[in-house]
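In case you want the letters, here they are:
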Amino acid sequence: MKKFIVIALALIMLLSLCACGNETAAPAEPAAPAEPAAPAEPAAPAEDAAAASFTTVTPGVLTVATSPDYAPYEFYAIADDGTASLAGFDIELAKYIAAELGLEIEFIPMDFDGVLMEVGLGNVDLGVAGLSPDPERAETMLFSDSYYDGGQAFITSAANAGVFTDLESLNQAGYQIGAQIGSIQEGLAQEYSADADLVSLPKVTDIIAEIVGGKLDGAYVETAVAESYQKNYPEIVMVCEVPYDAEGNVIGVPKGNEALLEAVNAALNKCVESGAFDDFVAQANELAEGNIVEGLLD
């Protein structure tokens, strides 16, 4: 009996081992192929640093100080209906720059020495007033690239044309010699007419009136301005050119706003290279021969 039980148990164990040995594991499902990684989006080009960082006194507005007594640079053109509007190639250049920068524009007319002061104090964004890159001004403002070469001249009345014939003749005691306050012409008067009496006046129009009225013997002005006044005042004579090292005209930008300066230069050079500025000069010279007002309007 015991022997039978042992045999039966052995058979059971044998059958169990056979069953286990014949059981095969289900093959593993093949792993799904990995989705290819999406290509990285190309990085957007970095915005121009100047365009992204320059600031203006009033957001969205380019505030421009100008001295409208300086045809053909800036003056008031009088329409047939009597309305006055700022005109001149400086004015059109400033409008062009504002449009290129995507800004509105606001002009603030003032005397020339006020333009220098307001730019130096940072109360305006630009000084656009026939500025020359005088080294002393570089202490209080940044200069744009040069955009127009005007030259310097000495003017007098037709009655005095024979008196002033060269630079040496401009330096005589007793002469009343004029120049605009704060201008480089004031410095030229001090240099070339040191022995004369210097009369500094706030506006070029004041200087012209004093020469025509016989109160000034002569004055230092920019050549383009002298030529413009000659067209409207036949009594005015330009007798000689005056040497000046820092020739050319620039726009004044407050110190510390190099980003604005960079943006202004890009727009200014585009205007010059495209020929648009030449058109502005031609239009300004034509307007300056018509009905104009030079100086501040009350």
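Attention in this report is confined to the structure presented alongside it. Remember, predicted model here, so these are calculated numbers, not experimental data.

### With respect to the pattern of salt bridges
Line of reasoning, step 1. If you walk through the whole model with that rule in mind, you get four salt bridges.
Line of reasoning, step 2. In this structure, Lys231 and Glu289 form a salt bridge, with 3.3 Å as the shortest nitrogen-oxygen distance. With Lys231 in helix 7 (residues 223-232) and Glu289 in the loop between helix 9 (276-288) and strand 13 (292-293), the pair connects residues that are 58 residues apart, well separated along the chain.
Line of reasoning, step 3. You can call Lys231 partly exposed: its relative accessible area is 46%.

### A closer look at the packing of helix 3 (residues 89-100) against helix 9
Line of reasoning, step 1. One way to put it is that helix 3 packs onto helix 9 with a least axis distance of 8 Å and a crossing angle of 145 degrees. For the pair helix 3 and helix 9, the sense of crossing is right-handed. Contact residues: helix 3 offers Phe89, Glu92, Leu93 and Tyr96, while helix 9 offers Ala276, Phe277, Phe280, Val281 and Ala284.
Line of reasoning, step 2. Across the contact of helix 3 with helix 9, the residue classes tally to eight nonpolar, no polar and one charged.

### Considering unusual backbone geometry
Line of reasoning, step 1. Here Ala71 and Pro72 are connected by a cis peptide whose omega angle stands at 5 degrees.
Line of reasoning, step 2. Among the secondary structure elements, Pro72 is positioned in the loop between strand 1 (61-66) and strand 2 (75-78).

### A look at the sheet that holds strand 13
Line of reasoning, step 1. Strand order in the open sheet formed by three strands is 3-2-13, with antiparallel pairing between adjacent strands. Edge positions in the open sheet fall to strand 3 (84-87) and strand 13, since each of these has one partner strand only.
Line of reasoning, step 2. Pairing analysis gives two bridges linking strand 2 to strand 13, with the strands arranged antiparallel. Following the sheet pairing, Ala77 is matched in strand 13 by Ile292.

### Some details on the nonpolar core
Line of reasoning, step 1. Ile97, Leu126 and Ile251 are the most contacted members of the largest nonpolar core, which has 50 residues in total.
Line of reasoning, step 2. Top contributing element to this core by residue count: helix 8 (residues 258-274), with eight residues.
Line of reasoning, step 3. Non-local contacts of Ile97, meaning those with residues more than four positions away in its chain, are made with Leu62, Ile251, Val264, Ala267 and Leu268.
Line of reasoning, step 4. Among the nonpolar cores identified, the runner-up in size contains 15 residues, and Ile177, Ile184, Tyr192 and Cys240 belong to it.

### Quick notes on the packing of helix 3 against helix 8
Line of reasoning, step 1. Running from N to C, helix 3 and helix 8 point in directions that differ by 120 degrees, and their axes come no closer than 9 Å. If you check the angle between helix 3 and helix 8, you find them oblique. The interaxial crossing formed by helix 3 with helix 8 has right-handed handedness. Each of Leu93, Tyr96, Ile97 and Glu100 in helix 3 lies in contact with helix 8, whose residues at this interface are Val264, Ala267, Leu268, Lys270, Cys271 and Ser274.
Line of reasoning, step 2. Partitioning the contact of helix 3 with helix 8 into residue classes produces seven nonpolar, one polar and two charged.

### Concerning helix 6 (residues 204-212)
Line of reasoning, step 1. When we look at burial in helix 6, the residues that qualify are Val204, Thr205, Ile207, Ile208 and Ile211. For helix 6, the arc enclosing every buried residue in end-on projection is 160 degrees, short of the 170-degree limit, so these residues lie on one face.
Line of reasoning, step 2. Buried residues along helix 6 sit in contact with strand 7 (152-157), strand 8 (176-180), strand 9 (197-201), strand 10 (218-222), helix 7 and strand 11 (236-241).
Line of reasoning, step 3. Looking one or two residues beyond helix 6, the residue adopting positive phi is Gly214, at roughly 80 degrees.

The rules we used
Residues numbered from 1 in each chain as written. Predicted model: local features only at pLDDT ≥ 70, side-chain atom pairs only at ≥ 80, totals over all residues. Heavy atoms only, no water. Salt bridge = Lys/Arg side-chain N within 4 Å of Asp/Glu carboxyl O. Helix = DSSP H or I, 4+ residues; strand = E, 2+ residues; numbered from the N terminus. Buried < 20%, exposed > 50% of the residue type's maximum accessible area, 1.4 Å probe, protein only. Axes fitted to C-alpha atoms, helices over the stretch in contact; angles between N-to-C directions. Left-handed = near helix turned anticlockwise from the far one by under 90°. Contact = heavy atoms within 4.5 Å. Nonpolar A, V, L, I, M, F, W, Y, C, P; charged D, E, K, R; others polar. Pairing = 2+ DSSP bridges. Core = buried A, V, L, I, M, F, W, Y, C linked by side-chain atoms within 4.5 Å. Parallel < 35°, antiparallel > 145°, perpendicular 65-115°, else oblique. Arc of directions from axis to C-beta.

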